[in-house]
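# A structural walkthrough
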Amino acid sequence: MATPKRDYVRPLDLKTGRIDMNHGAGGRLSAQLIAEVFVRAFDNEFLGQGNDGALLPIPAGERLVMATDAHVIFPLFFPGGDIGCLSVNGTINDVAMLGATPRYLSASFILEEGLPLAELQRIVASMARAARDAGVPIVTGDTKVVERGKGDGVFISTTCIGTVRPGLEIGGARARAGDAVLISGTIGDHGVAVLSKRESLEFETAIESDTAALHTLVAGVLAAVPHDAVHVLRDPTRGGLATTLNEIAKQSGVGMMLQESAIPILPQVDAACEMLGLDPMYIANEGKLVAIVDPESAGDVLAAMRAHPLGRDAALIGNVTADSHRFVQMASRVGGHRIVDWLSGEPLPRIC
Amino acid sequence: MKYVDEFRDGDLARRIGDNIVHEADPSRDYRFMEFCGGHTHAIARYGVVDLLPGNLRMIHGPGCPVCVLPIGRVDMAIRLAFERGVMLCTYGDVMRVPASDGLSLMRAKARGADIRMVYSPLDALKLASANPGREVVFFAIGFETTTPPTALAIRQAESEGLQNFSVLCSHVLTPAAITHVLRSPEVQDYRTVPIDGFVGPAHVSIVIGSRPYEGFATTYRKPVVIAGFEPLDVMQAILMLVRQVNEGRAEVENEFTRAVTREGNACAQAAMADVFEVRESFEWRGLGQVPASALKIRGDYAAFDAETRFDLDYRPVADHKQCECGAILRGVKKPTECKLFGNVCTPETPMGSCMVSSEGACAAHYSYGRFRDIPVVSA
């Protein structure tokens, strides 16, 4: 007669196993999935508390910043990244754009029945690596499973909490006429990298997503200039640089004038957009930031950005104008002027 | 970007602009129609108007493929998806074209219709091969640029013996539309819409060549300069048109010699002639019925003609009463002369087709140029 081994649980089959409805039922299998996939990868003292919530210390006198982001992307893996690192970096960046130090992350997963466990493990490992590199632990989380056909493999929602030091005031409503507008690097890399792997669209390219956590770049910029020199920081993700600048113009009640020739763009991204009939100004970035700063500090901000590995292609691309119509305008390469409008719906390729 | 940046050079653009200003006769007006949406887009996107003299006006013509697609054709596509359960494939730009009942292909998709965006009709063929149990229909639209790929897809479907692939053909012809504009009462009556010349199509002309425009020069005495889609192409073409007008010439000239020949692409023309024949008449949004202006699939390929296969009937639908797309496409009105422009009709909520694609006169003006005529009600 076999004697059951004490405390032995047959491990999950991470090579060929797949998510099924039992993994989401809340029983022993759910606990096993959490222990063997998530806790093992994210391991930190706060997660180790083992409660449904995490008890977290924060520096005295600082203000809390909180941001949340839902991540859905197809394909799950793309050149330069995957949904895992994207979901960590994206939310850290939302916190960092207020000048805050990101401190803690939460993550919740909606898994689709049938998702290979090996893929899930790859995604979770990528999240763990991104969180470790950024120095921001994932301290709490949740998992649910939906039936096949009701998800796209995996959806990940993350929340980040950060703290910001007293006296630092950065926000989208603080752009003033005369301010300088800077971008930390080339635009459109992420969106084009993802597009290049879509089923109907595969094209040969070496373009990689720029997904990255930008808080150390922000810290470098803030350390280089007076505390009130940086007025707005924002990462131009969905909707691209054009949409982000329009959001800021609307919030601050100002206009902008950009110089098309100053906007950095990789030749291969430019060429892909040309071929697909898309405008790189509307293509998503995941590792770039827009800084709107006091014109006197523009040179120092630019130098600080370029001194950081994530900002070496940074450029001064225009300035803020007084404009009650809040138009973001651009002087084109040929010398004419045009509006750089909000993105209208999904960017769709033109036919002509 | 090699071979493209050269045609966006700022110094050269200013030099051509200076030449246009210098050579344009200040005592007269110049009105040129750029037929193609690609040109409309280039002019708006690069702010080319800022480099032109005040007495030279560009009129945006009907060459925006989605702009001239009538509501009734989009309705047909939506009916196919809803009532016949087909997998309907089409180009991206078409997704937003307003149809009846507040629908568009994009909204129909949200209501459960199986509508797929593709980059090429060959992608639709692939979908048909991969889904043998489904009827796959490619909603084919556009001028002579997109017609040869549709022809090749149909021929390939035949050679592969595909049983579940067909095409809802809505391809239209450029020269017929230009003739229609020239014959319109507004143009015939020189006082209403004077057109002094045309910036001729770029990609269309690669296929059909420059020869089909020669009649416009000889019969209607209108200069035509075929131009590429880059800003310097357009500016050089405008300079060439100014020179023709000044010298009293009416000729077909070719600025786009790096791609366009007089005879065009014989291989593409042969494929088109093999698969398609000219329809007696076709409805264009904004222009109404235009004789001999569109293509249908020949009887030899009837098995791949969605209109035959699904026994579809065409039901014309009138535009919104106040929509001025028709007058705008004929050059009679400017976008800002439409009461709907910038108010209820915006790129987010297009009422008329000219607001759908950034190649359309209204969307191009709204998205790129409305700072020139503020105030507009902001979105």
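Note that the structure is predicted; figures quoted are calculated from it, not measured. By convention here, each chain's residues receive numbers from 1 onward along its written sequence. The lettering of chains begins at A and the numbering of ligands begins at 1, in the order of writing. Totals for whole chains, interfaces and linings use all residues, but because this is a predicted model, local features are given only for residues with pLDDT of at least 70 and pairs of side-chain atoms are given and counted only at 80 or more. Hydrogens and water are ignored here; the side-chain numbers use all heavy atoms of the structure.

## A closer look at the overall build of chain A
This is how it is decided: Secondary structure is summarised from DSSP: a helix means a run of H or I of at least four residues, a strand means a run of E of at least two, and numbering begins at the N terminus for each. The globule rule is 2.2 Å times the number of residues to the power 0.38, and the radius of gyration it is compared with is taken over C-alpha atoms. Throughout this description, buried means an accessible area under 20% of the type-specific maximum (1.4 Å probe, protein chains only), exposed means over 50%, and partly exposed covers the range between. Note on contacts: a residue pair qualifies if any of its non-hydrogen atoms lie within 4.5 Å across the two residues. We get accessible surface area from the Shrake-Rupley algorithm with a probe of 1.4 Å; when it comes to residues, only the shown protein chains can shield them.
Helix and strand counts for chain A stand at eight helices and 13 strands. Taken against the 2.2 N^0.38 rule, which gives 20 Å for 352 residues, the C-alpha radius of gyration of chain A at 22 Å falls within 12% of a compact globule. C-alpha extents for chain A along the principal axes are approximately 85 × 55 × 35 Å. In chain A, buried positions account for 55% of the 352 residues. The contacts in chain A between residues at least 6 apart in sequence include a share of 84% that link residues at least 24 apart. Carbon and sulfur atoms form 51% of the exposed surface of chain A, whose accessible area is close to 15,600 Å².

## Here's the deal with helix α1 (residues 10-23) of chain B
Residue and element names in this part refer to chain B. Inclusion rule: For a helix, the expected span equals 1.5 Å multiplied by the number of residues minus one. Under the rule applied, a polar contact is a pair of N or O atoms within 3.5 Å (in protein, one hydrogen donor and one hydrogen acceptor; residues adjacent in sequence only if both atoms are side-chain atoms).
With 14 residues, α1 ought to run about 20 Å at 1.5 Å a step, and its terminal C-alpha atoms sit 20 Å apart, in line with that. Taken together, the buried residues of α1 touch β2 (56-63) and α11 (231-246). At the N-terminal boundary of α1, the capping side chain belongs to Asp-9, with an oxygen 3.2 Å from the backbone nitrogen of Asp-11.

## Points about the sheet that holds strand β10 (residues 290-293) of chain A
Residues and elements named next belong to chain A. As a reminder of what qualifies: Whether two strands pair depends on DSSP finding at least two bridges between them. In this analysis, axes come from line fits to C-alpha atoms, helices being fitted only over the stretch in contact, and the angle between any two N-to-C directions falls in the range 0 to 180 degrees.
One open sheet accounts for seven strands, arranged β8-β10-β7-β11-β9-β12-β13; its pairing is mixed. Looking along the sheet, the strands with just one partner apiece sit at the ends: β8 (230-234) and β13 (337-339). Here the strands of the sheet are splayed against their neighbours by 25 degrees on average, with no regard to which way each runs. Inspection of the sheet shows strand β9 (residues 255-259) paired to strand β12 (residues 328-331) by four bridges, in the parallel sense. In the strand pairing of β12, Gln-259 is matched with Ala-331.

## What to know about the side chain of Asp-210 of chain A
All names here are of chain A. The residue Asp-210 is located in the loop between α4 (189-195) and α5 (215-224) in this model. With a relative accessible area of 12%, Asp-210 lands in the buried category. Among the polar contacts listed, one links the side chain of Asp-210 to the backbone nitrogen of Glu-286, at a separation of 2.9 Å. A polar side-chain atom of Asp-210 sits 3.0 Å from a polar atom in the side chain of Lys-288. Residues within four places of Asp-210 in sequence aside, it is in contact with Thr-186, Asp-189, His-190, Asn-285, Glu-286, Gly-287 and Lys-288.

## Section: the interface of chain A and chain B
Stated formally: Note: buried area is the sum, over both parts, of the accessible area (probe 1.4 Å) each one loses when the two are combined. Salt bridge criterion: a side-chain nitrogen from Lys or Arg within 4 Å of a carboxyl oxygen from Asp or Glu. Only Asp, Glu, Lys and Arg are considered charged in this grouping, and only Ala, Val, Leu, Ile, Met, Phe, Trp, Tyr, Cys and Pro are considered nonpolar; every other residue, Gly among them, is considered polar.
Between chain A and chain B, the contact holds 31 residues from the first and 48 residues from the second. Summing both sides of the interface, chain A and chain B together bury roughly 3,400 Å²; the carbon and sulfur share of this comes to 57%. The interface formed by chain A and chain B holds five salt bridges in total. Arg-333 of chain A is the partner of Asp-5 of chain B in a salt bridge, and the nearest nitrogen-oxygen pair spans 3.4 Å. Counting across the chain A and chain B interface gives eleven residue pairs in polar contact (both at pLDDT 80 or more). Taken together, the elements giving at least two residues each to the side of chain A that touches chain B come down to α7 (267-276) and β13 of chain A. Per element, the largest residue contribution to the side of chain A that touches chain B is five residues, and it comes from α7 of chain A. For the side of chain A that touches chain B, a count of residues per class yields twelve nonpolar, nine polar and ten charged.

## Comments concerning the domain arrangement of chain B
Inclusion rule: Domain extents, as shown, originate in an automatic or database domain assignment.
Assigned domains within chain B: domain 1 (5-62 + 185-201 + 211-254), domain 2 (67-174 + 264-309) and domain 3 (325-365). Of note, the centres of domain 1 of chain B and domain 2 of chain B, computed from C-alpha atoms alone, are 32 Å apart.

## Observations concerning the environment of Gly-264 of chain B
Residues and elements named next belong to chain B. Mapping Gly-264 onto the fold places it in the loop between β9 (252-254) and α12 (266-275). Expressed as a C-alpha distance, the spacing of Gly-264 and Pro-212, which sit 52 residues apart in the sequence, is 9.8 Å. Other than its neighbours up to four places away in sequence, Gly-264 contacts Ser-205, Ile-206, Val-207, Ile-208, Gly-209 and Gln-269.

## A few points about the pattern of salt bridges
Counted according to the given criterion, the structure contains 38 salt bridges over all chains. Among the ionic pairs, Asp-279 of chain A bridges to Arg-338 of chain A, the shortest N-O distance being 3.9 Å. Taken together, the residues Asp-279 of chain A in the loop between α7 and β10 and Arg-338 of chain A in strand β13 connect sequence positions 59 residues apart. Asp-279 of chain A sits in the buried class, given a relative accessible area of 12%. Glu-23 of chain B is paired through a salt bridge with Arg-243 of chain B; the nearest N and O atoms lie 2.8 Å apart. Note that Glu-23 of chain B is positioned in helix α1 and Arg-243 of chain B in helix α11, a separation of 220 residues in sequence. Judged by its relative accessible area of 25%, Glu-23 of chain B falls in the partly exposed class. Take Arg-243 of chain B: its relative accessible area is 28%, and that puts it in the partly exposed class.

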